[in-house]
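Read off the chains here:
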Amino acid sequence: MTEEVFGQRRRSQPLTVKVSLVFLNTWLTPRIEKFRLKHPNVRLRFTSNIWLDSKEQTDSDLEIRYGQGRWSNVQSERLTWDHLIPVCSPKLVNGKPIPSSPGDLANYELLHVIGYEEGWGYWLKQAGFHDVEIDEGIQFDTLISTLEMASYGLGIALGRSSLIQPMIETGKLIVPFKEAVPTNEAFYLISSEKSFLHPDASTFRQWLLEEVNIPSND
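Parameters and conventions
- Residues numbered from 1 in each chain as written.
- Predicted model: local features only at pLDDT ≥ 70, side-chain atom pairs only at ≥ 80, totals over all residues.
- Heavy atoms only, no water.
- Helix = DSSP H or I, 4+ residues; strand = E, 2+ residues; numbered from the N terminus.
- Contact = heavy atoms within 4.5 Å.
- Salt bridge = Lys/Arg side-chain N within 4 Å of Asp/Glu carboxyl O.
- Buried < 20%, exposed > 50% of the residue type's maximum accessible area, 1.4 Å probe, protein only.
- Lys, Arg positive; Asp, Glu negative; His and termini not counted.
- Polar contact = N/O pair within 3.5 Å; in protein donor to acceptor, adjacent residues only side chain to side chain.
- Arc of directions from axis to C-beta.

Turning to the environment of Ile 138, a few remarks are in order. By the secondary structure assignment, Ile 138 is in strand E7 (residues 138–140). When the C-alpha atoms of Ile 138 and Val 113 are compared, they prove to be 8.7 Å apart, with 25 residues separating the residues in sequence. If near-sequence neighbours (up to four positions away) are discounted, Ile 138 is found in contact with Glu 109, Leu 110, Leu 111 and His 112.

This brings us to the pattern of salt bridges. Under the counting rule described, the total for this entry stands at 8 salt bridges. Glu 211 is the partner of Lys 34 in a salt bridge, and the nearest nitrogen-oxygen pair spans 3.1 Å. Remark: Glu 211 occurs in helix H7 (residues 201–211) and Lys 34 occurs in helix H3 (residues 32–38); sequence separation between them is 177 residues. Judged by its relative accessible area of 45%, Lys 34 is partly exposed.

With that settled, the discussion passes to the side chain of Asp 82. As for its placement among the helices and strands, Asp 82 is situated in the loop between strand E4 (74–78) and strand E5 (83–87). Arg 160 is the oppositely charged side chain nearest to the buried, salt-bridge-free Asp 82, at an N-O distance of 5.7 Å. Here Ser 162 takes part through its side chain, which lies 2.8 Å from a polar atom of the side chain of Asp 82. Beyond its immediate chain neighbours, meaning those up to four positions away, Asp 82 contacts Arg 160, Ser 161, Ser 162, Val 181, Pro 182, Thr 183 and Phe 187.

Among all positions of helix H4 (residues 120–127), only Trp 120, Trp 123 and Leu 124 are buried. Buried positions in H4, seen along its axis, are confined to an arc of 95° and lie on one side of it. The inward-facing, buried residues of H4 abut E5, strand E6 (111–113), strand E8 (157–160) and strand E9 (181–182). Positive backbone phi, approximately 90°, marks Gly 128, located one or two places after H4.

One non-glycine residue with positive phi stands out, namely Asn 73, at about 65°. Along the chain, the position of Asn 73 falls in the loop between strand E3 (62–67) and E4. Here Asn 73 falls in the partly exposed class, since its relative accessible area comes to 39%. In this structure, Asn 94 takes a positive phi of about 65° despite not being glycine. A relative accessible area of 75% places Asn 94 in the exposed class.

In short, shape yes, function no, at least from these values alone.
So this is what it looks like as structure tokens:
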């Protein structure tokens, strides 16, 4: 009886998914109607995260978090295997030409995301442009803000390959040169090791893994 009552109480509440804003806006939003059509009885509630201390407890049923997967007291499943790709607007402010090589980046405003371990310095080193000196540019606490600023021609951003395609397809962003660098950082699906899962959590998890083409172990 206790389990039945507990399950009914949990199911009466929406499934709460805490998610990175850039993943929500660029990856999840275009796909979420597919989930709703397939599972019309699952109530969803999305909240945003920015940066969490590794010891911070999640207050959601599931979470989609960006990093290197080094978090304690949670279960994590990797969702993306990205490349870092420079992107910018087709038209930069002040009439500056689009950079034609990574070597030109010292003359451009670079846009940085606070908290990302693999940023412009990492990208230049991995791409073989060790001698390019860069300044701090403009810093943001979310990648979505960085990409939006880039789309207005105010600088060059580092996009993640799993996220930038919609903005490229609409012409908001272009890829000025071909160099792409794999990143060890990724988006992960996070769930607590200790708490009971919402009855609909496994449904959302399975759908999400199918969408990113990762076989489920269930």
